[in-house]
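Chain by chain, the residues run as shown.
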Amino acid sequence: QVITINFTATATESNLGTSISDSNGATTTDTWTVQVPAALAITSVTTTPTTVSQGQSSITVTLALTNSGGTGITLTSPIASSKLATTVLTFKETVAGTDRTGQYTVTCNSTCDDITIPAGTTQNYTFSVTVAGTATTGSITLNTTAVSGTDDNSSTTITDSDFAATTDSWAV
């Protein structure tokens, strides 16, 4: 939405008490564009294999973050060295919920360098995961930690702490 900024003036001249005005408006006007705030959502964590092995490496995991708002968002957490941190992914036993994240080594390709998500877009981040040789066997659910960012216009912090709307799992 665009708002035009204009001005008219009415005053009283102090010596004569005469009313003076300019109702024609400003010679030069300006505009503001009003945008809907950024809206961050952890859309999904996905992976292709449904079964992985202890010691297996180079397993691709994709994290999708969506900004459904009208202005950009810059991620602020978890961030390491000006890029999305690999600590964003979690690995938990599906039934017991026991955190097994320490049994996985996560690296991120160059997609993690881009910590800005434009308005109305989804940004995919691709990770490479290695399963420890002694990793717990059974069903493991892949999810995320909370993700935060700032609205590029207002600098307001926006957080999605509900984790991924769609998670994935694999059997070790």
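Look a little higher up for the structure.
The text that follows walks through the structure, step by step, so that each part is easy to find. (Residues numbered from 1 in each chain as written. Predicted model: local features only at pLDDT ≥ 70, side-chain atom pairs only at ≥ 80, totals over all residues. Heavy atoms only, no water.)

With that out of the way, let us pick up the overall build of the chain. Along its length, the chain carries 0 helices and 17 strands. Its C-alpha atoms give the chain a radius of gyration of 26 Å, more than 25% over the compact-globule value 16 Å for 172 residues. Overall size of the chain, expressed as C-alpha extent along the three principal axes, is 95 × 30 × 25 Å. The burial tally for the chain puts 32% of its 172 residues in the buried class. The long-range share in the chain, meaning contacts at least 24 apart out of those at least 6 apart in sequence, stands at 71%. With an accessible surface of roughly 9400 Å², the chain has 49% of that area assigned to carbon and sulfur atoms. (Helix = DSSP H or I, 4+ residues; strand = E, 2+ residues; numbered from the N terminus. Rg over C-alpha atoms; globule rule 2.2 N^0.38 Å. Buried < 20%, exposed > 50% of the residue type's maximum accessible area, 1.4 Å probe, protein only. Contact = heavy atoms within 4.5 Å. Areas by Shrake-Rupley, 256 points an atom, 1.4 Å probe, with all protein chains shown as cover.)

This brings us to the nonpolar core. In terms of nonpolar packing, the biggest core is built from 33 residues, with Leu63, Leu65, Leu75, Phe91, Tyr125, Phe127 and Trp170 touching the most fellow members. Residue assignment for this core shows that the elements contributing at least two residues are β5 (40-47), β6 (59-67), β7 (73-77), β10 (89-93), β11 (104-108), β13 (121-131) and β14 (139-144). In contact with leucine 63, other than residues within four places in its own chain, are Ile42, Ser44, Val45, Leu84, Val88, Gln123, Asn124, Tyr125, Phe127 and Thr144. (Core = buried A, V, L, I, M, F, W, Y, C linked by side-chain atoms within 4.5 Å.)

The next subject is the state of the cysteines. This model, assessed by the stated rule, comprises 1 disulfide. Residue cysteine 108 pairs covalently with cysteine 112 via a disulfide, S to S 1.6 Å. Its S-S torsion of approximately 80° makes the covalent link between cysteine 108 and cysteine 112 right-handed. By relative accessible area, cysteine 112 is classed as buried at 0%. (Disulfide = S-S within 2.5 Å.)

At the junction of serine 77 and proline 78, the peptide bond is cis and its omega measures out at -10° in the coordinates. If you check the backbone angles, serine 58 has positive phi at about 60° while not being a glycine. If you trace the backbone, serine 58 turns up in the loop between β5 and β6.

The side chains of a regular strand alternate between the sheet's two faces. Of the strand pairs in this sheet, β6 and β13 are connected by 9 bridges, and their pairing is antiparallel. Looking at the pairing, threonine 66 lines up with threonine 122 of β13. In this structure, β11 lies alongside β13, joined through 5 bridges in antiparallel fashion. Residue cysteine 108 lies in a different strand from β13, and its bridge partner there is phenylalanine 127. (Pairing = 2+ DSSP bridges.)

Another point: the packing of aromatic side chains. For any pair of aromatic rings, the description rests on two quantities: the centre-to-centre distance and the angle between the ring planes. What the rule picks out here adds up to 3 aromatic pairs. An angle of 15° between the planes, with centres 4.3 Å apart, marks the rings of phenylalanine 91 and tyrosine 104 as stacked. In this pair, phenylalanine 91 sits in strand β10 while tyrosine 104 sits in strand β11, placing the two residues 13 residues apart along the sequence. The pair formed by phenylalanine 91 and tyrosine 104 is uniform in burial state, with each residue classed as buried. Between tyrosine 104 and tryptophan 170, the ring centres sit 6.1 Å apart and the planes meet at 40°, which makes this aromatic pair tilted. Taken together, the positions of tyrosine 104 in strand β11 and tryptophan 170 in strand β17 (residues 168-171) put the pair 66 residues apart, joining distant regions of the chain. An identical accessibility class is assigned to tyrosine 104 and tryptophan 170; each is buried. (Phe/Tyr/Trp six-rings, centres within 6.5 Å; stacked < 30°, edge-to-face > 60°.)

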